[in-house]
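Below, each chain spelled out in residue letters.
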Amino acid sequence: MGNKEILQEMYLSLAGEPPQQMTALPGAGSNRRYYRLEGKRRMVGVRGTSAEENRAFVYMARHFRSAGLPVPEVYAVSDDGLCYLQEDLGDTLLFDAIRPGRESGQFSPEEKQWLRQTIRLLPKLQCAGARNFDFSRCYPQAEFDRRAVFWDLNYFKYCFLKATGLEFDEGRLEDDFDRLAEVLLAERTDTFMYRDFQSRNVMMRAGAPWFIDFQGGRRGPVYYDVASFLWQAKAHYPDELREELLADYLEALARYQTVDAVQFRQRLRHFVLFRTLQVLGAYGFRGYFERKPHFLQSIPFAMANLRRLLEPDFTEYPYLCKVLKELTQLETFNTHKTTEKLQVTITSFSYKKGIPADASGHGGGFVFDCRALHNPGRYERYATMTGRDEPVARFLEEDGEVYPFLAHVYALVDASVARYQERGFSHLMVSFGCTGGQHRSVYAAQRLGEHLRDKYDVNIHIIHREQNIEEKWESNQ
């Protein structure tokens, strides 16, 4: 009997009738397969490749649920342990819910609230979830120990570092690995370490976070999960937001144990370094060896994190820092910085013909409505002119309404351009609409283009859609 047939039989046993529909769901970094089964009841079926890993997940899910933690309920497990049915939490990952903030660098109050809810719930999982927890049920091992540390450090060395072709002294590197392991293992705790706690492993359901994919958890220090969440490569949390979330976490953690905030931050930095190396190892294996493009696309973001982390150096690991700095300077990882400048596409349009589509594939950007401005199109003498013509520009400027309008536009767009450049993003779209796409929107698009050209090192593509006019201004900085 195939995997789908096993899951269907299990569903039939629980629901009393077969599923009306069974849909494959997108996978992640693992080899597990997920299916949504719908009919009298709605469930998610999972087919893993390791019965031991599945048993660890099932045990953890049931233990955490009994502790009042938001994790999916496991309904049934197949006799061979390779398949199980669990509660369907929907389709919204926290990672996807905060997409606007990740892409713009400006997180909305709602997005920040979701992140705060999540990070404040983490100590309950780590501390309350560890009470009466049988760590011998963990897979592949019960504890974050020296062996686990070196598994991940060697993962980085063999799957990423060596794959780059960078020359290094393996003995000196191992000496620093030894010192890093000593620092990471200096404190032994009885807390639960999620191990892959990041926004892709949190589901949003009715505005609240739910935890998934914790099957790799074990006994370990709380710092690791904080590093995993706050320094997730593609999350793009600004430093200010990261500090706010860390403060939230420490406040929540204080309910369970004594917290020295200064000491916590000092130790946390070492775990951020370790987690970054582990992530690069995973990206190297999944990307270079398994040829999964999603992981290769994530490497530049992790490298950007590493560059910032190495300022200042870790004095405890001088040779490791030397190698990592050489790694971050490799042309392979600097191409996006040296040859790809941010392109800002600025479009004028008529609302009668709809808002422009984003040809870059990034989903669009700012759209400003110019229709509240005094309309030159109401006067016959401007009928054959556009916002590019001096008489129309003089009309709008002498009226005066356009100046405060553009001041607000500049402030918003400037903030995004600066953040996009800092994050290495490739494209920003800004659109101006008016009634006919001829006067006000054209004028505003031209002025914004000139403003950005004079202020930033960006490439600008201006499109006056209704006038069939395009201009490209390459950065000369």
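For the structure, check the block above.
Described below are features of the structure shown in this document.

## Considering the overall build of the protein
- In terms of helices and strands, the protein carries 16 helices and 14 strands.
- Split into buried and exposed, the 477 residues of the protein put 52% on the buried side.
- The contacts in the protein between residues at least 6 apart in sequence include a share of 72% that link residues at least 24 apart.
- Split by element, the accessible area of the protein, about 21,900 Å² in all, is 47% carbon and sulfur.
- Each charge class in the protein can be summarised by its mean position, and for the 62 positive and 65 negative side chains these summaries are 3 Å apart.

## Some details on the pattern of salt bridges
- A full pass over the atoms with the stated rule returns 40 salt bridges.
- Ionic pairing is found between arginine 65 and glutamate 73, a salt bridge with its closest N-O pair at 3.8 Å.
- For arginine 65, a relative accessible area of 32% translates into the label partly exposed.
- Notably, a salt bridge pairs arginine 242 with aspartate 239, separated by 3.0 Å at the nearest N-O pair.

## Brief notes about helix H1 (residues 3–15)
- When the terminal C-alpha atoms of H1 are compared, their 18 Å separation across 13 residues agrees well with the 18 Å that a helix rising 1.5 Å per residue should span.
- Turning to H1, its buried residues number three or more, namely Ile6, Leu7, Met10, Tyr11 and Ala15. Looking down the long axis of H1, one finds its buried residues gathered within 150 degrees of arc, a one-sided arrangement.
- Packed against the buried residues of H1 are strand S1 (21–25), strand S2 (33–38), strand S3 (43–47), strand S4 (74–77) and strand S5 (83–87).
- Looking one or two places after H1, you find glycine 16, whose phi comes out positive at around 85 degrees.

## Details of the side chain of asparagine 459
- Assignment of secondary structure puts asparagine 459 in strand S13 (residues 459–464).
- Since its relative accessible area comes to 16%, asparagine 459 is described here as buried.
- Each residue touching asparagine 459, except ones within four places of it in the same chain, is listed here: Lys341, Leu342, Gln343, Val344, Trp473, Glu474 and Ser475.

## Some words on the side chain of glutamine 198
- Within the secondary structure, glutamine 198 is located in the loop between strand S6 (192–193) and strand S7 (202–205).
- Given the relative accessible area of 10%, glutamine 198 is considered buried.
- Reaching out from glutamine 198, the side chain makes a polar contact with the backbone nitrogen of arginine 200 at a distance of 2.9 Å.
- If we skip the residues at most four places from it in the chain, glutamine 198 touches Ser228, Phe229, Gln232 and Arg275.

## Regarding the pairing of S2
- Pairing of S1 with S2, which is carried by five bridges, proceeds in the antiparallel orientation. Counterpart to alanine 24 in the pairing with S2 is tyrosine 35.
- Joining the antiparallel neighbours S2 and S3 is a turn of four residues.

## Concerning unusual backbone geometry
- With an omega dihedral of 10 degrees, the bond running from tyrosine 139 to proline 140 counts as a cis peptide bond.
- With respect to the helices and strands, proline 140 occurs in the loop between helix H5 (109–126) and helix H6 (146–161).
- Cis geometry is adopted by the peptide bond preceding proline 312, which originates at glutamate 311 and carries an omega value of 5 degrees.
- Here proline 312 is to be found in the loop between helix H11 (293–309) and helix H12 (318–328).
- Within the chain, arginine 195 stands out as a residue other than glycine whose phi angle is a positive 85 degrees.
- Notably, histidine 236 is not glycine yet its phi reads approximately 60 degrees, a positive angle.
- Within the secondary structure, histidine 236 is located in the loop between helix H8 (223–230) and helix H9 (239–253).
- According to the relative accessible area criterion, histidine 236 is buried, its value standing at 8%.

## Topic: the sheet that holds S4
- Spatially, five strands are ordered S1-S2-S3-S5-S4 in an open sheet, and the strand pairing comes out antiparallel. Sheet topology places S1 and S4 at the edges, where each strand pairs with a single neighbour. Across the sheet, the axes of successive neighbouring strands diverge by a mean angle of 25 degrees, strand direction being ignored.
- Of the pairings in the sheet, the one linking S4 to S5 comprises three bridges and is antiparallel in character. Looking at S5, one finds that valine 74 is bridged to glutamine 86.
- Contacts from H1 reach S1, S2, S3, S4 and S5 within the one sheet, and its direction differs from that of S5 by about 50 degrees.

Cut-offs applied
- Residues numbered from 1 in each chain as written.
- Predicted model: local features only at pLDDT ≥ 70, side-chain atom pairs only at ≥ 80, totals over all residues.
- Heavy atoms only, no water.
- Helix = DSSP H or I, 4+ residues; strand = E, 2+ residues; numbered from the N terminus.
- Buried < 20%, exposed > 50% of the residue type's maximum accessible area, 1.4 Å probe, protein only.
- Contact = heavy atoms within 4.5 Å.
- Areas by Shrake-Rupley, 256 points an atom, 1.4 Å probe, with all protein chains shown as cover.
- Lys, Arg positive; Asp, Glu negative; His and termini not counted.
- Charge placed at Lys NZ, Arg CZ, Asp CG, Glu CD.
- Salt bridge = Lys/Arg side-chain N within 4 Å of Asp/Glu carboxyl O.
- Expected span 1.5 Å × (residues − 1).
- Arc of directions from axis to C-beta.
- Polar contact = N/O pair within 3.5 Å; in protein donor to acceptor, adjacent residues only side chain to side chain.
- Pairing = 2+ DSSP bridges.
- Axes fitted to C-alpha atoms, helices over the stretch in contact; angles between N-to-C directions.

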